[in-house]
Amino acid sequence: MHHIELRHIGFEYAGAERAVVALRDISFGVGESEFVCVVGRSGCGKTTLLNIVAGFLQPTKGEVLIGGKAVTGKGLDRGIVFQDFAQLFPWRTAQRNVEFGLEMKGVTRQERAEVARRFLRLVDLEPFAGAYPHELSGGMQQRVAIARALAYNPSVLLMDEPFAALDALTRDEMQRLLVDVWGETRKTVIYVTHNVAEAVYLADRIVILTPHPGTVRAEIRIPLARPRDVLSVEFLEYQRQLVGHLR
């Protein structure tokens with residue numbers, strides 16, 4: 001049984017003259033602890049789909065189930081990391097940002113601090129626990145965002161192109177960090193990206209969407225051992241397959 005099930009998802013935006021179909025009949029599942037990347041060209045509805053799973057949008061048609069329960073809105077069973085560095089609270093330190101979800105759950109101050117420190121340690125940022133977001137680099141801010149999303153122990157981690165705004169070297173470093181963090185926490189992950197190499201590096205399975213409207217064109221399993229060698233013949237062959245599906 002899949003931990004996440006998307007069943008015949010459709011979504012329409014209301015236009016001035018007519019409705020615009022963004023997603024049409026999208027169905028796929030995500031197994032427990034599976035890392036799935038959703039890939040497609042700009043405008044294919046990747047972020048819209050993620051927002052539906054997050055509970056920020058209600059689908060026009062179909063339903064999303066997590067752990068067998070229908071998603072009807074936001075919930076603490078889902079941790080979310082966005083692309084925008086502004087997702088952190090600027091008036092809170094790194095530690096206090098990580099504590100936020102725990103506060104919402106009513107966790108005591110001492111336990112919040114202990115958990116926050118543990119997850120900052122997991123993303124190699126414990127020495128920066130007292131720093132404010134403006135004192136951190138973009139990559140460091142994203143590490144804090146990942147720690148915050150994990151700290152209150154959601155079963156699902158949703159990520160919307162979280163490294164797209166980073167420089168190439170920092171992005172590569174963040175991808176390696178994410179693989180390590182996922183390997184330790186074993187969360188169920190849906191990760192949206194338009195970066196082909198990133199998808200092959202991260203995913204157990206890749207779901208490819210067509211544009212206008214977004215539908216599932218294909219799914220590719222990536223059975224490569226981790227850590228993955230981005231220069232190996234096998235890695236490059238999966239990249240070639242994925243590019244072929246996106247054309």
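Read on for an overview of the structure.

How each quantity is defined
Residues numbered from 1 in each chain as written. Predicted model: local features only at pLDDT ≥ 70, side-chain atom pairs only at ≥ 80, totals over all residues. Heavy atoms only, no water. Pairing = 2+ DSSP bridges. Helix = DSSP H or I, 4+ residues; strand = E, 2+ residues; numbered from the N terminus. Contact = heavy atoms within 4.5 Å. Axes fitted to C-alpha atoms, helices over the stretch in contact; angles between N-to-C directions. 1 Å grid on protein atoms, 1.4 Å probe; cavity = no way out; pocket = protein on both sides within 12 Å on 5 of 7 lines; lining within 4 Å. Points joined across faces, edges and corners; volume = space filled by probe spheres on them. Nonpolar A, V, L, I, M, F, W, Y, C, P; charged D, E, K, R; others polar. Phe/Tyr/Trp six-rings, centres within 6.5 Å; stacked < 30°, edge-to-face > 60°. Lys NZ or Arg CZ within 6 Å of the ring centre and 35° of its normal.

Pairing in this open sheet of four strands is antiparallel, and the strands run E2-E1-E4-E5 from one edge to the other. Of all strands in the sheet, those bounded by a partner on one side alone are strand E2 (20-30) and strand E5 (69-70). Where strand E1 (residues 4-13) meets E2, seven bridges bridge the pair, whose relative direction is antiparallel. What sits directly across from Leu6, in E2, is Phe28. Helix-sheet contacts for helix H1 (residues 46-54) involve E1, E2 and strand E4 (61-66), and the interaxial angle to E1 is about 120°.

Another aspect to go through is the side chain of Gln95. Along the chain, Gln95 turns up in helix H2 (residues 94-104). Beyond its immediate sequence surroundings of up to four residues, Gln95 is in contact with Ala113, Ala116, Arg117, Leu120 and Ala129.

Over the atoms rolls a probe the size of a water molecule, and its path tells where empty space is left. Reported here for the largest pocket is a volume of approximately 430 Å³. For the largest pocket, the lining is made up of 18 residues, of which Arg78, Ile80, Phe100, Arg148 and Tyr152 are closest to its centre. Elements represented by at least two residues in the lining of the largest pocket include exactly strand E6 (78-81), H2 and helix H4 (138-151). Across the lining of the largest pocket, the residue classes break down as eleven nonpolar, four polar and three charged.

The strand order across the open sheet built from six strands is E6-E7-E8-E3-E9-E10, with neighbouring strands paired in mixed fashion. Strands at the two margins of the open sheet, each flanked by one partner only, are E6 and strand E10 (216-221). Strand-to-strand twist across the sheet, computed as the mean angle between neighbouring axes with direction ignored, equals 15°. Pairing of strand E7 (residues 156-160) with strand E8 (residues 188-193), which is carried by five bridges, proceeds in the parallel orientation. Residue pairing for E8: Leu158 is matched across the bridge by Ile190. Relative to the sheet, H4 contacts E6 and E7, its axis offset from that of E6 by approximately 170°.

Let's shift gears to unusual backbone geometry. Between His212 and the following residue, Pro213, the backbone shows a cis peptide bond with an omega angle of -10°. By the element assignment, Pro213 lies in the loop between strand E9 (205-209) and E10. Between Arg226 and the following residue, Pro227, the backbone shows a cis peptide bond with an omega angle of -5°. Here Pro227 is to be found in the loop between E10 and helix H7 (233-246). Even without glycine at this site, Ser33 takes up a positive phi of about 70°. Mapping Ser33 onto the fold places it in the loop between E2 and strand E3 (35-39).

Here the structure, examined in full by the defined rule, presents seven aromatic pairs. With centroids separated by 5.8 Å and ring planes inclined at 80°, the aromatic side chains of Phe35 and Trp182 adopt a geometry described as edge-to-face. Within this pair, whereas Phe35 is found in strand E3, its partner Trp182 is found in helix H5 (residues 168-185), the two being separated by 147 residues in sequence. Every member of this aromatic cluster is reached through a ring pair, and the members are Phe35, Phe163, Trp182 and Tyr191. Positioned above the aromatic ring of Phe89 is the side chain of Arg148, whose terminal nitrogen or guanidinium carbon lies 5.4 Å from the ring centre.

Geometry only, nothing functional implied.
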